[in-house]
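# Structural characterization, general
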Amino acid sequence: MDKAKVKEIIARRVAKELKDGDVVNLGIGLPTMVANYIPQGVEVVLQSENGFVGMGPAPEAGKEIKDLVNAGAMPVTVLPGAAFFDSAVSFGIIRGGHVDATVLGALQVDEKGNLANWMIPGKMVPGMGGAMDLVVGAKKVIVAMTHTAKGNIKIFKECSLPLTAKAQVNLIVTEMGVMEITEKGIVLKEINPQFTVEEVQAVTEADLIIPENLKEMEVE
C-alpha cells in the first residue's frame with residue numbers, strides 16, 4: 001500500500017468511532033483527515049485547539065482562506081454555526097471535560113495505555129502543545145498512526161520516550177488493525193484482511209490478545 005492509501009484506511013476507520021453529537025478534537029497530521037470521512041448521517045462538532053468549533057473538511061485546492069487554519073496551520077473550512085474564541089476558552093473546553101473524543105498521532109504507545117508523542121531526546125521540538133491536556137481531558141483517546149515508522153516498532157510493552165500522559169489511550173487504529181487497551185493488555189479487535197495475525201504481532205512488541213470473534217477491518 002502507498003502512503004496515501006495507508007492514511008486513508010486509518011482515517012476512514014477512526015471516523016466510524018465518532019458518534020452523533022460528539023465534540024471531537026483532531027490532532028495535527030493524519031488525524032485531520034478524519035474530518036473528510038465522517039459517516040453520512042453522523043454530525044460531530046470538531047474543535048480546533050487554536051480557538052474554534054465547527055471545523056469542516058479540508059478546502060478544495062485554490063479555495064483556501066489563509067487566515068482560517070487549524071492548530072497545525074493547515075487550511076480548513078468551517079460549517080454553519082461555527083464559533084471562534086481565545087485560547088483560554090479553547091482550553092477551558094478541553095480541561096473541563098467537554099471533549100468526547102480526541103484523535104492524535106503517536107511516536108510510541110504501550111500496553112498500559114501510556115502515550116509518547118511529543119519529543120525524541122536530542123532533537124529540536126516546538127513543545128508539547130495541547131496534547132497533554134487533550135489526552136487527560138477527553139473522554140476517549142484514539143491514537144491514529146501507521147503501525148511502524150520506517151520499519152521501527154511503535155507499539156511497545158513499555159514506552160521508552162518521554163511520556164505525554166500515562167494510561168490514557170483507549171484505542172489504537174493503524175493500517176493493520178484496530179486495538180483496544182484493556183486491563184489485561186492490548187486486544188486486537190479488528191485486523192486488515194491483507195495481513196495475518198502473525199504479521200501484525202511481528203511488528204508489535206506488546207503481546208496482542210486475540211479474541212475468538214476477531215473481525216475483519218473495513219479498508220474500503
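Presented here is a report on the structure given in the accompanying data block.

### Some words on the pattern of salt bridges
Close approach of charged atoms allows side chains of opposite charge to pair. By the definition in use, this model includes 12 salt bridges. Put simply, arginine 12 and glutamate 8 hold a salt bridge, and the shortest N to O gap is 2.8 Å. Placement of the pair is arginine 12 and glutamate 8 together in helix α1 (residues 3-15), with a separation of four residues, close to one helical turn. A salt bridge links glutamate 60 to lysine 63, with the nearest nitrogen and oxygen atoms 3.6 Å apart.

### What about unusual backbone geometry?
Although it is not a glycine, lysine 150 adopts a positive phi angle of roughly 55 degrees. Tracing the chain through its elements places lysine 150 in the loop between β9 (148-149) and β10 (152-153). Owing to a relative accessible area of 88%, lysine 150 belongs among the exposed residues under this scheme. Its identity is not glycine, yet alanine 167 carries a phi of approximately 55 degrees, on the positive side. Among the structural elements, alanine 167 can be located in the loop between β11 (155-156) and β12 (171-173).

### Regarding the nonpolar core
Formed by 27 residues in total, the largest nonpolar core has its most connected members in Val14, Val24, Leu26, Val34, Val103 and Val173. Among the secondary structure elements, those contributing two or more residues to this core are α1, β1 (23-26), β3 (52-55), β5 (101-104), β8 (140-144) and β12. If sequence neighbours within four positions are ignored, valine 34 has contacts with Ala11, Val14, Ala15, Leu18, Leu26 and Val103. With 22 residues, the next largest nonpolar core counts Leu115, Val141, Met145 and Met179 among its residues.

### Here we look at the sheet that holds β11
The three strands are arranged β7-β6-β11 in an open sheet whose pairing can be described as mixed. At either margin of the open sheet sits one strand with a lone partner, and together these are β7 (115-116) and β11. In this sheet, β11 lies alongside strand β6 (residues 108-110) in parallel orientation, the contact comprising two bridges. Looking across to β11, one finds that aspartate 110 is bridged to phenylalanine 156.

### Observations concerning the environment of lysine 66
You can see lysine 66 is positioned in the loop between β3 and β4 (78-84). Between the C-alpha atom of lysine 66 and that of serine 90, which follows or precedes it by 24 residues, the distance is 21 Å. A polar atom in the side chain of lysine 66 sits 3.5 Å from the side chain of aspartate 67.

### Brief notes about the packing of aromatic side chains
Ring pairs (aromatic) are described by centroid distance and by the angle formed between their planes. The final tally for this structure, using the stated rule, is one aromatic pair. When the ring of phenylalanine 52 is compared with that of phenylalanine 84, the centres are 5.2 Å apart and the planes differ by 35 degrees; the resulting orientation is tilted. Of the two residues, phenylalanine 52 is situated in strand β3 and phenylalanine 84 in strand β4; the sequence distance between them amounts to 32 residues. Taking the relative accessible area as the measure of exposure, phenylalanine 52 reaches 3% and is therefore buried.

### Quick word on the side chain of asparagine 70
Along the chain, asparagine 70 falls in the loop between β3 and β4. Setting aside residues no more than four positions away along its own chain, asparagine 70 makes contact with Thr32, Ser48, Asn50, Met55 and Val76.

About the criteria used
- Residues numbered from 1 in each chain as written.
- Predicted model: local features only at pLDDT ≥ 70, side-chain atom pairs only at ≥ 80, totals over all residues.
- Heavy atoms only, no water.
- Salt bridge = Lys/Arg side-chain N within 4 Å of Asp/Glu carboxyl O.
- Helix = DSSP H or I, 4+ residues; strand = E, 2+ residues; numbered from the N terminus.
- Buried < 20%, exposed > 50% of the residue type's maximum accessible area, 1.4 Å probe, protein only.
- Core = buried A, V, L, I, M, F, W, Y, C linked by side-chain atoms within 4.5 Å.
- Contact = heavy atoms within 4.5 Å.
- Pairing = 2+ DSSP bridges.
- Polar contact = N/O pair within 3.5 Å; in protein donor to acceptor, adjacent residues only side chain to side chain.
- Phe/Tyr/Trp six-rings, centres within 6.5 Å; stacked < 30°, edge-to-face > 60°.

Everything listed is a geometric property; what it means functionally is a separate question.
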